[in-house]
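Each chain is listed here by its residues.
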Amino acid sequence: MSRTSTTTRDRVRDGLGQDADRPDGTPKVTGAFAFSSDLHARGMLWGRTLRSPHPAARIVSIDTSAAEAMAGVTTVVTAADVPGKATYGLEHADQPVFASEVVRYQGEPIAAVAAEHPELAVRAIEAIEVTYEVLEPVTDPERAMEAEPIHPDGNVFRHLPLRHGDIEATGEVVVEGTYEVGMQDQAFMGPESGLAIPADDGGVELYMSTQWLHVDRDQVAACLALPPDQVRMTLAGVGGAFGAREDVSLQVHVCLLALRTGRPVKMLYSREESFFGHVHRHPARMWFRHHADRDGHLVKVEARLVLDGGAYASTSSAVIANAVCFAGGPYRVANAHIHGYAVRTNNPPCGAMRGFGVVQSCYGHESQMDKLADALGMDPVELRLKNALKPGDELITGQIITGTAPVREVIEAAVAHPLPPEPSDDDPAIALPGGAGLTAERSDVHRGVGFGVGIKNLMFSEGFDDYSTAGVLLELDGHGQPIATVHCASAEVGQGFVTLAQQITRERLEVEQVMLRPADTAIGSAGSTSASRQTWMSGGAVELACDAVREALFERAVAHGHLALDDAEHPLFDLRDGQVVEVGGSGSIPLVDLLEEGPIERTEVHRHAPTDPLDQDGQGNAHVSFAFAAHRAVVDVDPDLGVVRVVQVATGQDVGRALNPRAVVGQIEGGIAQGVGLAVMEEIVLDDGRVRNPSFTDYLIPTALDMPEVLATVIEQPEPGAPFGAKGVGEPPTISSTPAVTAAVRAATGLELPRVPIHPEDIALASAHDG
């Protein structure tokens, strides 16, 4: 990785700007880390969920008697046993805990059991008899908008029009296209799992792999008719998330079983059940029309975006907002007219996934930019540079970019990386498309290069009260040395907040020892680990808590006469080398001496600048900040066989400030892996609402052999208002890597390829037809 930035002197070991080790790194690579699937409690029962085999049906009857009569089965629960609210939902409570009258997607929960052994729980589920009246599913979102409602709330989650500038404006050069994005799964390694333990006060303790502890707690409490403080949640080890753990999956079921039986209950999804137990990326159908003048300046963007939200709302309203807001891309667009629709169907529910709506629209607008460059006879990179946003520019929502916007810089950084060497007869066979399958011949392979640029909003938007809470305790350990303990409910899902929290605390308090309390609901909410927000939000909360501890230390030093005030109200003190010192003076006192009279603990809440809802024309200051990335992809393709090998992805990414450069590279590489997957292999295949490939045998994700060489340059321009100037880095790598790979495949084949993922038959059959 290369960096373009201004560096400062490192003051503490493993502080900000350094390649600090993850505290959970060694346990994870040695197998000692406890994931949620490893949870165990004495006397524990096993829970299991019965799910509908149909995407649309009426439930005529449910007979649980055979299951209840089985030895070792302790309880069976259905919708009739839910003591509180019958529905839940991340933004809108429209999803039943258990279906009771109507089934709206394949895999919808019908009942749950608890048994002494997991295999017995499976047999009990199989013994439940459900009589269905099977209905014709509504699986086409276009049809769903006109069809009879499949839910009392209707079939359109949100219609968002956006009108900016002169919507009647036209350009001298006009290109249009229709594009599709398939349903992608988050494909995390650790399936959903949790352990619920009934408490003496009638409440429940839930240990769960999730992304948002407090919102889970509130939904569980409402469904169980408990006050929120009687549902106490602790984060269990999370095996990846990428958005899929934002919604409730088994939380209500496992807690209900524990309370009914009075015993601990564990639930652990199989891989197949996991495909039915969480949301996925929204499939999209998108029409774009781009207008430009003869010099290549964008004049207007028109678009119609239709996202399939599946059976329940989840975050569809926010996802379509992102898709619409950023349909113009990271470019200056004076005029725009866009309509976005998030639609309910009988397909599996869709919600958050890395990139959150912008992945879909980026694929559309970047395909259009290549088409426009071709119509203009212009280099695609030149066209993007000509229209690149910069600070002070106006977005199509009317919002002015007040922070950094190094769009030109990320483009130039991606282009500056060297291209890979041309294919050679000396290359090993595994380097050919198809790899170890030994299917491609070197003489049949065509190389292509493609480009993509993306923009992503950071944090929650549209007026949401976004905040995070953190507490810091500073005290002496058993050996008389300072030690800090950080408490924050931020869910560590692999992104590295546990490392960052330690780095911030070391930097602000000048201590070597920093411990982390488990993330739980005993402290205020940290919000969701999503939207590239935890570095900014929870990092900011930890910084505030550390600074409050610093101030308390300074006050203690003054109160005891160790140091004098510089003036009546503003002492000028600092922490250096384990001492409180006067800035510009000679007075100092060891930190140890100040802590001998007792620990100091402070809890603080951090909020970002307020945002506004979008108005009736899709205009408003709806977003906090923006991050940008550019990707150049190089692919080899055998057109006759349709097989693709992604050889290299070079990128430039806007990071604000790299607080942990090694972690930044990890996020870039991981995000590119998911972008490559969406481009050429990853798709949940649906057949009339039924999932045909709920396994990692049939749902393909990139392996180490599929990953290209990644060359990365991070652009460091500290963001005003961001703690330490840093931006979140997790989502931009996924957004524009997909269109870059697709553009490279188009360049290699000469095919239009308007849909991702690109399947071998999309290339081979089209090539055979053209031939």
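A short note on the overall build of the protein
A tally of helices and strands in the protein yields 18 helices and 32 strands. Over its C-alpha trace the protein gives a radius of gyration of 27 Å, about what one expects of a compact globule, namely 28 Å for 771 residues. C-alpha extents for the protein along the principal axes are approximately 85 × 70 × 60 Å. Per-residue burial for the protein yields a buried fraction of 62% across its 771 residues. Considering only residue pairs separated by 6 or more positions, the protein has 81% of its internal contacts joining residues 24 or more positions apart. Carbon and sulfur atoms provide 50% of the accessible area of the protein, an area that totals close to 28500 Å². Within the protein, one finds 58 positive and 107 negative side-chain charges whose respective centroids are separated by 1 Å.

Looking at the domain arrangement of the protein
Domains assigned within the protein are domain 1 (2–33 + 467–607) and domain 2 (404–460 + 625–771). Between the C-alpha centres of domain 1 and domain 2 the distance comes to 37 Å. Taken residue by residue, the interface counts 30 residues in domain 1 and 28 residues in domain 2. Here domain 1 packs against domain 2, burying approximately 2300 Å² in sum over the two surfaces, 55% of which is carbon and sulfur. Viewed at the interface, domain 2 and domain 1 are joined by one salt bridge. Looking at the side of domain 1 that touches domain 2, the elements with two or more residues in it are β1 (2–4), α12 (497–509) and α13 (534–559). For the side of domain 1 that touches domain 2, the residue count by class is seven nonpolar, 17 polar and six charged.

Considerations on the sheet that holds strand β18 (residues 335–344)
Spatial ordering of the open sheet is given by β10-β18-β17-β16-β11-β32, a layout of six strands whose pairing is mixed. The open sheet terminates on both sides in strands that have one partner only, identified here as β10 (156–164) and β32 (755–756).

Comments concerning the packing of helix α5 (residues 213–224) against helix α6 (residues 251–261)
Each pair of packed helices can be summarised by the angle the axes make with each other and by the distance between the axes. Between α5 and α6, the shortest axis-to-axis distance is 10 Å and the interhelical angle comes to 50 degrees. It follows from the interaxial angle that α5 and α6 lie oblique. As α5 runs across α6, the sense of the crossing is right-handed. Contacts between α5 and α6 involve Asp216, Val220, Cys223 and Leu224 on the former and, on the latter, Gln251, Val252, Cys255, Leu256 and Leu259. Here the contact of α5 with α6 is built from residues that sort into seven nonpolar, one polar and one charged.

A few points about the sheet that holds strand β4 (residues 73–77)
Pairing between sheet strands relies on hydrogen bonds along the backbone, with the strands arranged either parallel or antiparallel. Spatial ordering of the open sheet is given by β4-β8-β2-β15-β12-β13-β14, a layout of seven strands whose pairing is mixed. The open sheet has two edge strands with one neighbour each: β4 and β14 (231–235). Between one strand and the next, the sheet's axes are offset by a mean angle of 20 degrees, whatever the strand orientation. The pairing of strand β2 (residues 45–51) with strand β15 (residues 265–268) spans three bridges and is parallel. Note that in β15 the partner of leucine 45 across the bridge is valine 265. Those strands touched by helix α3 (residues 118–127) are β2, β4 and β8 (109–115), and its axis lies near 30 degrees from that of β2.

Here's the deal with the side chain of serine 36
Among the secondary structure elements, serine 36 is positioned in the loop between α1 (25–30) and β2. Overall, serine 36 belongs to the buried group, its relative accessible area being 4%. Within polar-contact distance, the side chain of serine 36 engages the side chain of serine 193 at 2.4 Å. When neighbours within four sequence positions are excluded, serine 36 is seen to be in contact with Ser193, Ser209, Ala236, Gly237 and Lys266.

Let's talk about the packing of aromatic side chains
All told, the structure shown has ten aromatic pairs when counted by the stated rule. Considering the side-chain rings of tryptophan 212 and phenylalanine 464, the 6.4 Å spacing of their centres and the 65 degrees angle between planes classify their relative orientation as edge-to-face. One end of the pair, tryptophan 212, is in the loop between β13 (204–208) and α5; the other, phenylalanine 464, is in the loop between β19 (446–458) and β20 (467–476), and 252 residues separate them in sequence. Overall, the relative accessible area of 10% leaves tryptophan 212 in the buried class. Judged by centre distance (5.1 Å) and plane angle (80 degrees), the ring pair of phenylalanine 460 and phenylalanine 464 falls under edge-to-face. The class for phenylalanine 464 is partly exposed, based on a relative accessible area of 41%. Over the ring of phenylalanine 188 we find arginine 245, and its NZ or CZ is 4.0 Å from the ring centre. Over the face of the ring belonging to phenylalanine 460 we find arginine 533, whose NZ or CZ atom lies 5.1 Å from the ring centre.

Re the environment of glutamate 604
Mapping glutamate 604 onto the fold places it in strand β26 (residues 600–607). Considering only alpha carbons, one finds glutamate 604 and isoleucine 455, 149 residues apart in sequence, at a separation of 31 Å. Not counting the four nearest positions on each side in its chain, glutamate 604 is found in contact with Ser468, Thr469, Ala470, Ala541, Leu544, Ala545 and Ala548.

What to know about the pairing of β18
Among the ten residues of β18, eight are classified as buried, and the element is accordingly described as predominantly covered. When β10 meets β18, the two strands line up antiparallel, connected through eight bridges. Opposite arginine 163, over in β18, you have histidine 337 as the bridge partner. Pairing geometry for strand β17 (residues 298–310) and β18, over ten bridges, is parallel. Within β18, the position partnered with alanine 303 by the bridge is isoleucine 338. In this fold, the crossover linking β17 to β18 by way of helix α8 (residues 316–325) has right-handed handedness.

Some points on the environment of aspartate 574
With respect to the element layout, aspartate 574 can be found in strand β23 (residues 573–576). Sequence-wise, aspartate 574 and glutamate 510 are 64 residues apart; in three dimensions their C-alpha atoms are separated by 9.9 Å. One polar contact links aspartate 574 to arginine 550, side chain to side chain, over a distance of 3.1 Å.

A closer look at the environment of leucine 256
Tracing the sequence through the fold places leucine 256 in helix α6. On the accessibility criterion, leucine 256 (4% relative accessible area) is buried. Along the sequence, leucine 256 and glycine 728 sit 472 residues apart, while their C-alpha atoms lie 37 Å from each other. If we ignore the near neighbours within four places in the chain, the residues touching leucine 256 are Val77, Asp81, Val82, Pro83, Phe98 and Leu224.

A few points about α3
Burial in α3 covers these residues: Leu120, Ala121, Ala124, Ile125 and Ala127. Around the axis of α3, the buried residues are gathered within 160 degrees of arc, so they sit on the same side. Buried-residue contacts for α3 involve β2, β3 (57–63), α2 (65–68), β4, β8 and β9 (129–134).

Details of the confidence of the model for the protein
Confidence along the protein averages 95 in pLDDT terms, with 97% of residues attaining 70 or more. Contacts from residues 6–10, a stretch scored under 50 in pLDDT, to residues over four places away or in other chains number three contacts.

Conventions we followed
- Residues numbered from 1 in each chain as written.
- Predicted model: local features only at pLDDT ≥ 70, side-chain atom pairs only at ≥ 80, totals over all residues.
- Heavy atoms only, no water.
- Helix = DSSP H or I, 4+ residues; strand = E, 2+ residues; numbered from the N terminus.
- Rg over C-alpha atoms; globule rule 2.2 N^0.38 Å.
- Buried < 20%, exposed > 50% of the residue type's maximum accessible area, 1.4 Å probe, protein only.
- Contact = heavy atoms within 4.5 Å.
- Areas by Shrake-Rupley, 256 points an atom, 1.4 Å probe, with all protein chains shown as cover.
- Lys, Arg positive; Asp, Glu negative; His and termini not counted.
- Charge placed at Lys NZ, Arg CZ, Asp CG, Glu CD.
- Domains from an automatic or database assignment.
- Buried area = accessible area lost by both parts, 1.4 Å probe.
- Salt bridge = Lys/Arg side-chain N within 4 Å of Asp/Glu carboxyl O.
- Nonpolar A, V, L, I, M, F, W, Y, C, P; charged D, E, K, R; others polar.
- Pairing = 2+ DSSP bridges.
- Axes fitted to C-alpha atoms, helices over the stretch in contact; angles between N-to-C directions.
- Parallel < 35°, antiparallel > 145°, perpendicular 65-115°, else oblique.
- Left-handed = near helix turned anticlockwise from the far one by under 90°.
- Polar contact = N/O pair within 3.5 Å; in protein donor to acceptor, adjacent residues only side chain to side chain.
- Phe/Tyr/Trp six-rings, centres within 6.5 Å; stacked < 30°, edge-to-face > 60°.
- Lys NZ or Arg CZ within 6 Å of the ring centre and 35° of its normal.
- Right-handed = clockwise from strand over helix to strand, strands pointing away.
- Arc of directions from axis to C-beta.
- pLDDT = per-residue confidence, 0-100.

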